[in-house]
Amino acid sequence: MKVLGTQLAGVAKRPARMLLTGLAVLVASFVVYATVLAQQITERTALDGLSGTPAAVDLVIGSGDEFGNSVQLSTGDVAKFRGLPGVAEVAARVEASGEVNGDYLNIVSDPGTGPLASVTVKQGAYPSAPGEIAVTPRTADRMGLPVGTVATVNTEWDDKGKPIKPVKLKVTGLVEGDSDYGFSAYAPQASVSPLLGKDADYVQRVDLRLEPGADAAAVQSAAERIIAAAPAPKEGFARAQVRTGDDVRRAEAEEAASEVNEVFIAVGVFVAVAVCAAGLVATSTFRIVFAQRMRQLALLRAVGAGRGALWRALAAEGALTGLVAGVVGVLGALALGYAVPPIAGAFDVDLASPGLPVLPAVGVVLLAVAITVLAVLAPAFSAAKVAPLEALRSASVTSGRKSIGKLRGAFGLVLAGGAGLLAAYVSMNLPTRDARNYDPEPMLLAVVGSGALAFFALMALGPLLVRPVLATVGWPLRRLGPIGRLAVGGVGGAPRRAAAVSVVVALGVTLIAGVVVTGASVRVLADREMASSVPADYELTANGDEQVPSALVEQAKASADLTHVTPYRRLPEVQVGGGSDTKLTATDLVMSGLPALDKIDVNGGSLAAVGPGKVALAAIATEISGLKVGDITTLTAGKKKVKVEVVATLPDSAPLQSGIVVDPADLTKLGAPATFSGMLADAAKGGEDGRTAGQKAMRQLTQGHAGLGVDVLADQRDQFNTVLNGVLAVVIGLVGLTVLIAVVGVGTTTALSVVERVRESGLLRAVGLSRGSLRMMLTAESSLYGVIGATIGVVLGVPYAWLALKALGVNAPLELPVGQLVVVFLVLVLFTAAAGVLPARRAAKVSPVAALATD
């Protein structure tokens, strides 16, 4: 107990040391509890605001089975529900779909006013008469439907796909609802039902608001009797059920919250990596602190303290550090959690309060204690073995060990060998380009296992790797003069310390480099697939038997707002060879007409070789015919045949979801009409204004042609890019937690190094080194930790990212985004350099006389 009291008294006298020792754990505790609070805020916001059912709804009559099958309630039943005792208001809900200039429009019934309304009017007025609708702001912008517009809406089509009985609907206002996808309109149920044609006498759901004091159970029973007395539902429909409004709102919100939980499970993986990084940094920090106190510990041994007592005292010190760090981290996260909702409210973003999750808070504090206790065990055990004679040595002598021991070295080599064997196994079993029934899970697990073994090997062999890596990356710094040589020597003089910090930096950089390389490769793969499915900004399509006349194509080519105008023809039911009865669609899309088509990937041959008598085949065509590049085959359409050579094969479908790409002359020989099936075009100018102008130009082409429509393909491309960019940003941000812990470790190591090397700093100052030069030297040392870690991280991250991509079997190209990797490298070096600025400034302030007097 006396030994423990002595150690705790020393901690109380030097709280800054405790802060430095537990800083990484404090940051990890903050991150973990902040993640818990973020999940609480998200879930509560979902429960409060993501339910589509208004709060005033007491009973809901509609679909209630686990499969969500649709129901049909007759308007007669709705009248019966309205007449039930205790019912104050009824809102019948139904949806109709239509097209406006080829764009999909979803028309939803809603009262528009009153407690059962799910939308609010922001401009104009809510529809009050038949033939009127209100649209959301995004719908008005995207579909050109401002207030006052009279739109022609097609809601019914004949067997040939031509619209019949179009209706005129006037836009009377703009409304906001729970969501705005850019194709939503609203009107009272009496206005929406006539748009359903033969189903005009049915609704899909009925919301009931009860009078104050009404018996909800009695009303529910009465409604259930009305449903039971109704005729059996038609095939494909389910019998309606009656549920309370609270149950429906809870189910809707929990569905949204379940997606949130899935997201936070993924977040938890990255947080766990950050916690492990904090443990590594804490282990390194305790090792440095105990090395600095080696004389003190040896003196305790000299006066009779046993190894066990000393070990327990050091472990208790670690637990106390973890307790303080955990509590401070939790309190900091709690303060931030309660500050976020009012800050977000200032920007018109409504977020719920996180509450006070006590059990997670206690769990985070216990986790912090556990991390520090585990982190302190090995350093404490090593420190407890100190001999009393160590009291005669200086701390700098005891902390400068460069060897790692034979057992640790052998263990590290075994781990490295295991990582290499697993990587070799994956490399030898990667799927071929056209592999079938490939299961990527075993290969991905092997890649993860290899990466984990490689990281553990790096931890074991790190001190041995520091010197050769430092000799390489430190060469430019040594060339800068004495300051550079001193900085490189300072890092190389304590390889165990440099390795401990650099390994954590390397872990973060490995993950970031892997994400960057994977993102670049996936983006190229996506560009190739998008080039096939959405090769242009716009597509002019023809419905039914309608065709695109040549005059319209010439008009598009003359437009200043359009470029790369490329018409195409399609011919269905074309047979390849004679070995199969399967018939495919052929197109004569000119592959050189659109820049995006240059990105399409091929299994063999070249798309540029397509010409008279030469074709490209999609994957389905090669699969059913067995043809390959160079083969001669016959295309058959009805009684017409054309002999062609296969000059390219594709890994997936051909452009425009076709199976065969042929020359226009050959498609004509197969019987294709002279008029076009559709037309592709790009916006002539960049940006949103250019795209809007191009869309207007395409819309003008369809005026007077009821069977023609315009698809904005660029929106699909933008949507994918937005999702991909968002995912990459989130993942990099989560991986950045590990980098944050690593940067904290660099700052802590530099600060403790300054304390340890006070005499060295004083000696350098005494022989003429200026304060500025000393600051530069220590800052350069700090940056070298980042350079070593970033170098190792990039060397590991790039090949493992490539290996993982190939193991997925997605045929993604192996891209090396050099520019992005250089940015990652430089940012990490700057961060680690910045982490050493404050300790360097502190060291430079100590006078040479005071420094030389320090033991």
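Residues numbered from 1 in each chain as written. Predicted model: local features only at pLDDT ≥ 70, side-chain atom pairs only at ≥ 80, totals over all residues. Heavy atoms only, no water.

Quick look at the overall build of the chain
Convention followed: Only DSSP runs of H or I reaching four residues or more are called helices, and only runs of E reaching two or more are called strands; each is numbered from the N terminus. Only protein chains enter the area calculation, which uses a 1.4 Å probe; residues under 20% of their type maximum are buried, those over 50% are exposed, and those in between are partly exposed. We call two residues contacting when some pair of their heavy atoms lies within 4.5 Å. The accessible surface values rely on the Shrake-Rupley method and a 1.4 Å probe; as for residues, cover is taken only from the protein chains in view.
When its secondary structure is counted, the chain shows 26 helices and 26 strands. Residues classed as buried in the chain amount to 47% of the 855 residues present. Across the chain, contacts joining residues at least 24 apart in sequence account for 82% of those joining residues at least 6 apart. Surface exposure of the chain reaches about 39900 Å², of which carbon and sulfur atoms provide 60%.

Regarding the sheet that holds strand 15 (residues 241-244)
We count it as follows: Whether two strands pair comes down to DSSP finding at least two bridges between them. Every axis in this analysis is a line fitted to C-alpha atoms, fitted for helices over the stretch in contact. Angles between the N-to-C directions lie between 0 and 180 degrees.
A sheet is described by the order of its strands in space; here four strands give the open sequence 3-14-1-15, paired in antiparallel fashion. The strands lining the two open edges of the sheet, one partner per strand, are strand 3 (87-93) and strand 15. Averaged over all pairs of adjacent strands, the angle between their axes in this sheet comes to 20°, without regard to strand direction. Bridge count between strand 3 and strand 14 (residues 205-210): six bridges; the pairing is antiparallel. Residue pairing across strands places Ala-91 opposite Asp-207, the latter belonging to strand 14. Along the sheet face, helix 3 (residues 75-82) touches strand 1 (59-62), strand 3 and strand 14 and points at about 160° away from the line of strand 3.

Some words on the side chain of Ser-658
Along the chain, Ser-658 falls in the loop between strand 23 (640-649) and strand 24 (660-661). Apart from residues lying up to four places away in sequence, Ser-658 is in contact with Thr-585, Thr-587, Ala-618 and Ser-653.

Here we look at the pairing of strand 7 (residues 132-135)
Of the two faces of strand 7, both are covered, the one formed by Glu-132 and Ala-134 as well as the one formed by Ile-133 and Val-135. Relative to strand 11 (residues 167-176), strand 7 runs parallel, the two sharing four bridges. Each bridged residue has a counterpart across the sheet, and for Glu-132 the counterpart in strand 11 is Lys-170. Bridge count between strand 7 and strand 12 (residues 184-187): two bridges; the pairing is antiparallel. Note that in strand 12 the partner of Ala-134 across the bridge is Tyr-186.

Regarding the pattern of salt bridges
Let me state the cut-off plainly: Here a salt bridge means any side-chain nitrogen of Lys or Arg lying within 4 Å of a carboxyl oxygen belonging to Asp or Glu.
Evaluation of the coordinates by the stated rule reveals six salt bridges. Two residues, Arg-93 and Asp-110, come together in a salt bridge whose shortest N-O distance is 2.9 Å. Placement of the pair is Arg-93 in strand 3 and Asp-110 in the loop between strand 5 (103-109) and strand 6 (120-124), with a sequence separation of 17 residues. Here Arg-569 ties to Asp-588 by a salt bridge, and the two come within 2.8 Å at their closest N and O atoms. Remark: Asp-588 occurs in the loop between strand 19 (583-587) and strand 20 (604-605) and Arg-569 occurs in the loop between strand 17 (562-568) and strand 18 (570-576); sequence separation between them is 19 residues. Each member of the pair, Arg-569 as well as Asp-588, carries the same accessibility label: buried. One continuous salt-bridge network, built from bridges that share partners, spans Arg-93, Asp-110, Arg-205 and Asp-207.

A closer look at the environment of Ala-526
As for its placement among the helices and strands, Ala-526 is situated in helix 16 (residues 495-533). The exposure class of Ala-526 is buried, given its relative accessible area of 8%.

Concerning the sheet that holds strand 25 (residues 678-683)
Spatially, 17-25-16-26 is the arrangement adopted by the four strands of the open sheet, whose pairing is antiparallel. Two strands in the sheet have a free side with no partner beyond their single neighbour: strand 17 and strand 26 (708-712). Ignoring strand direction, the axes of neighbouring strands in this sheet form an average angle of 20°. In this structure, strand 16 (residues 538-542) lies alongside strand 26, joined through five bridges in antiparallel fashion. Each bridged residue has a counterpart across the sheet, and for Thr-541 the counterpart in strand 26 is Gly-709. Packing of helix 17 (residues 550-558) onto the sheet brings it into contact with strand 16, strand 17, strand 25 and strand 26, and relative to strand 17 it is tilted by some 160°. Sheet strands in contact with helix 20 (residues 687-702) are strand 16, strand 17, strand 25 and strand 26, and its direction is about 15° off that of strand 16.

Some details on the packing of helix 16 against helix 24 (residues 818-835)
Condition: Angular relationships are summarised with four words: roughly parallel below 35 degrees, roughly antiparallel beyond 145, roughly perpendicular across 65 to 115, and oblique for the angles in between. Handedness of each helix crossing follows the sense of rotation of the near helix against the far helix: counterclockwise by less than a right angle gives left-handed, clockwise gives right-handed.
Relative orientation of the contacting elements helix 16 and helix 24 amounts to 155°, with a least axis distance of 10 Å. Between helix 16 and helix 24, the crossing angle belongs to the class labelled roughly antiparallel. Pair helix 16 / helix 24 crosses with right-handed handedness. Across the interface between the two elements, Val-505, Val-509, Ile-512, Ala-513, Val-516 and Val-517 of helix 16 pack against Gln-820, Leu-821, Val-824 and Leu-828 of helix 24.

Topic: the packing of aromatic side chains
Which entries qualify depends on this criterion: Here a pair means two rings of Phe, Tyr or Trp (six-membered ring of Trp) with centres within 6.5 Å. Their orientation is stacked below 30 degrees between planes, edge-to-face above 60, and tilted elsewhere.
Summed over the entire model, instances satisfying the criterion amount to one aromatic pair. Here Phe-455 and Phe-456 contribute two aromatic rings whose centre-to-centre distance is 6.2 Å and whose plane-to-plane angle is 50°, an arrangement assigned as tilted.

Looking at the confidence of the model for the chain
Detailed reading of the predicted coordinates is not advisable wherever pLDDT is low. Convention followed: Values of pLDDT, the confidence the predictor places in each residue, fall between 0 and 100.
Of the residues in the chain, 84% have a pLDDT of 70 or more, and the chain-wide mean is 80. Here residues 395-400 scores under 50 on pLDDT; set against residues more than four positions off or in separate chains, the count is nine contacts.

Regarding the nonpolar core
Selection rule: The definition of a nonpolar core used throughout is a set of buried Ala, Val, Leu, Ile, Met, Phe, Trp, Tyr and Cys residues joined through side-chain atoms within 4.5 Å.
Grouped together as the largest cluster of nonpolar side chains are 83 residues, with contacts concentrated most on Tyr-33, Val-491, Ile-741, Leu-784 and Ile-788. With 14 residues, the top contributor of residues to this core is helix 16. Apart from the residues lying within four places of it in its own chain, the contact partners of Tyr-33 are Val-330, Ala-333, Leu-334, Leu-356, Pro-357, Pro-360, Ala-361 and Val-364.

Focus: the packing of helix 12 (residues 406-428) against helix 13 (residues 441-473)
The test is simple: Here the nonpolar group is Ala, Val, Leu, Ile, Met, Phe, Trp, Tyr, Cys and Pro; Asp, Glu, Lys and Arg are the charged ones; every other residue, Gly included, is treated as polar.
As a packed pair, helix 12 and helix 13 sit with axes 8 Å apart at the nearest point and diverge in direction by 155°. Considered as vectors, helix 12 and helix 13 are oriented roughly antiparallel to each other. Where helix 12 crosses over helix 13, the handedness of that crossing is left-handed. For the contact of helix 12 with helix 13, the per-class residue count stands at 19 nonpolar, five polar and one charged.

Some words on the pairing of strand 21 (residues 614-617)
The sheet contact formed by strand 21 and strand 23 spans four bridges and is parallel. Bridged to Val-615 within strand 23 is Val-646. Bridge count for strand 21 against strand 24 is two bridges, and the pairing is antiparallel. Residue pairing across strands places Leu-617 opposite Ile-660, the latter belonging to strand 24.

Here we look at the side chain of Ser-783
Inspection of the secondary structure puts Ser-783 in helix 23 (residues 771-808). With near-sequence residues (within four places) excluded, Ser-783 lies in contact with Val-829, Thr-832 and Ala-833.

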